[in-house]
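# Coordinate inspection notes
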Amino acid sequence: VATLTFDDFPKSAWSQGGPILERHQVRGTYYAAGGFCGRTMDGITYYDEADLRELLAAGHEIGCHGYGHQPTPCLATAALAEDARRNDMFLRPFIGRAVSYAFPFGAVSCRTKRFYAPRFASLRGVHPGVNKGTVDLAQLSTISLEARIFSQAKVDAAIAKVKSGGWLVFHTHDVDASPTPYGTTPEALDWTLARVKAARRIHRMEDVL
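Every value quoted in this text rests on a predicted model; they were computed, and no experiment measured them.

## Some remarks on the packing of helix α3 (residues 49–57) against helix α4 (residues 77–95)
Helices that pack against each other are described as a pair by the angle of their axes relative to one another and the distance between those axes. Viewed as axis vectors pointing N to C, α3 and α4 meet at an angle of 45°, and their least axial separation amounts to 10 Å. With respect to each other, α3 and α4 are oriented oblique. Classified by chirality, the crossing of α4 by α3 is right-handed. For the pair formed by α3 and α4, the contact residues are Glu 49, Leu 52, Arg 53 and Leu 56 on the first element and Phe 90, Phe 94 and Ile 95 on the second. Taken together, the residues of the contact of α3 with α4 sort by class into five nonpolar, no polar and two charged.

Here it is as structure tokens:
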């Protein structure tokens, strides 16, 4: 099983990333921070409400990424509850209730894991690795597609690890020919999806043989 996720939801993750996912006939998870909707910050344009409706109509998932996009260990428990309430209210007109959550900046503590775990089916961090064997659903591991650390060799190694079973989660942010250090290029995204599809075909042939 492989999952493709986009954090913060820069608009390009949908405008440029969406057509690539459609070409490969896959669906992704877009982790939306409610406070980013309709805004441009530090030169990055984020999603708007029309984007949310479009991607939902196309069968993609909207996940929760906090409303204020703050590192959760820095917030008191009462502040965590208020942030969760605000993002829940923001997403409710679109999806009712989000079932997955990604920690902003990947910042996690035991306290914040205990806070969010009862509220979502899964929580995702940024700890590198694949989810195999005993899996922590309150801090799923992931393989980064971010330009600053992207490696085809690491992607292939991760795919190989889950061929016999497991859950491979990829994450990135924007999708652009000149991405931020935390985003990816259309070529890298396309290559990654092609490698996953090729591995699935091989795995199915092995099952038949």
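## Some remarks on the pattern of salt bridges
What the rule picks out here adds up to 12 salt bridges. Measuring nitrogen to oxygen at the nearest pair gives 3.6 Å for the salt bridge that ties Asp 88 to Arg 97. Linked by salt bridges that have partners in common, Lys 11, Asp 48 and Asp 51 make up one network.

## Observations concerning the packing of aromatic side chains
On inspection of all chains with the given rule, the structure shows 14 aromatic pairs. Here Trp 14 and Tyr 30 contribute two aromatic rings whose centre-to-centre distance is 6.1 Å and whose plane-to-plane angle is 85°, an arrangement assigned as edge-to-face. Taken as a pair, Trp 14 in helix α1 (residues 11–15) and Tyr 30 in strand β2 (residues 29–32) lie far apart in primary sequence, 16 residues in all. Across the pair, exposure class does not vary: Trp 14 and Tyr 30 are buried alike. Arranged with centres 4.2 Å apart and planes meeting at 20°, the rings of Tyr 101 and Tyr 116 form a pair that is stacked. A residue pair is termed long-range when its members are at least 10 positions apart, and Tyr 101 in strand β6 (residues 100–102) and Tyr 116 in helix α5 (residues 110–116) qualify at 15 residues. In this structure, Tyr 101 and Tyr 116 share a single accessibility class: buried. Taken together, the ring pairs in this structure connect Phe 6, Phe 9, Trp 14, Tyr 30, Tyr 47, Phe 90 and Phe 94 into an aromatic cluster. In this arrangement the basic side chain of Arg 119 is found over the ring face of Phe 115, its NZ or CZ atom lying 3.8 Å from the centre.

## Quick notes on the side chain of Asn 87
Along the chain, Asn 87 falls in helix α4. Look at Asn 87 and you get buried, because its relative accessible area is 0%. What Asn 87 contacts, discounting residues up to four positions off in sequence, is Ala 32, Ala 33, Gly 34, Cys 64, His 65, Gly 66 and Tyr 67.

## So, the environment of Pro 128
Note that Pro 128 resides in strand β7 (residues 122–128). Under the relative-accessibility criterion, Pro 128 is labelled exposed at 63%. In this structure the C-alpha to C-alpha distance between Pro 128 and Thr 142, which are 14 residues apart in sequence, comes to 5.1 Å.

## Thoughts on the nonpolar core
Core analysis: the largest hydrophobic core is formed by 45 residues, its most contacted members being Phe 9 and Leu 189. Here the element with the most residues in this core is α4; it accounts for five residues. For Leu 189, the contacting residues outside a window of four places in its chain are Leu 4, Phe 6, Gly 17, Ile 20, Leu 21, Leu 145, Val 175 and Thr 184.

## A look at the environment of Glu 22
Residue position: Glu 22 is located in helix α2 (residues 17–23). Glu 22 gets classed as partly exposed once you look at its relative accessible area, which sits at 43%. The sequence separation of Glu 22 and Ala 199 amounts to 177 residues, and the corresponding C-alpha distance is 19 Å.

Conventions adopted
Every chain is numbered independently, its residues counted from 1 as its sequence is written. Owing to the predicted nature of the model, reporting of local features is limited to residues with pLDDT of at least 70; listing and counting of side-chain atom pairs is limited to 80 or more, with chain, interface and lining totals taken over all residues. By convention in this description, side-chain values take in all heavy atoms of the structure and omit both hydrogens and water. Angles run from 0 to 180 degrees between N-to-C directions of axes, and those axes are lines fitted to C-alpha atoms, restricted for helices to the stretch in contact. Only DSSP runs of H or I covering at least 4 residues are called helices, and only runs of E covering at least 2 are called strands; the numbering of each starts at the N terminus. Angles are sorted into four bins: roughly parallel if under 35 degrees, roughly antiparallel if over 145, roughly perpendicular if 65 to 115, and oblique for all others. Take the far helix as your reference; a near helix turned counterclockwise from it by less than a right angle gives a left-handed crossing, and one turned clockwise gives a right-handed crossing. Note on contacts: a residue pair is in contact if any heavy atoms of the two residues lie within 4.5 Å. In this classification, Asp, Glu, Lys and Arg are treated as charged, Ala, Val, Leu, Ile, Met, Phe, Trp, Tyr, Cys and Pro as nonpolar, and every other residue, Gly included, as polar. In the sections that follow, a salt bridge refers to a side-chain nitrogen of Lys or Arg positioned within 4 Å of a carboxyl oxygen of Asp or Glu. Each pair of aromatic rings taken from Phe, Tyr and Trp, with Trp reduced to its six-membered ring, is defined by centres within 6.5 Å and is described as stacked if the planes are under 30 degrees apart, edge-to-face if over 60, and tilted in the remaining cases. Buried residues are those whose accessible area, probed at 1.4 Å on protein chains only, stays under 20% of the maximum for their type, while exposed residues exceed 50% and partly exposed ones sit between those limits. The rule for a charge over a ring is simple: NZ of Lys or CZ of Arg within 6 Å of the ring centre, and within 35 degrees of the ring normal. Joining through side-chain atoms within 4.5 Å is the link that ties buried Ala, Val, Leu, Ile, Met, Phe, Trp, Tyr and Cys residues into a set, and such a set is a nonpolar core.

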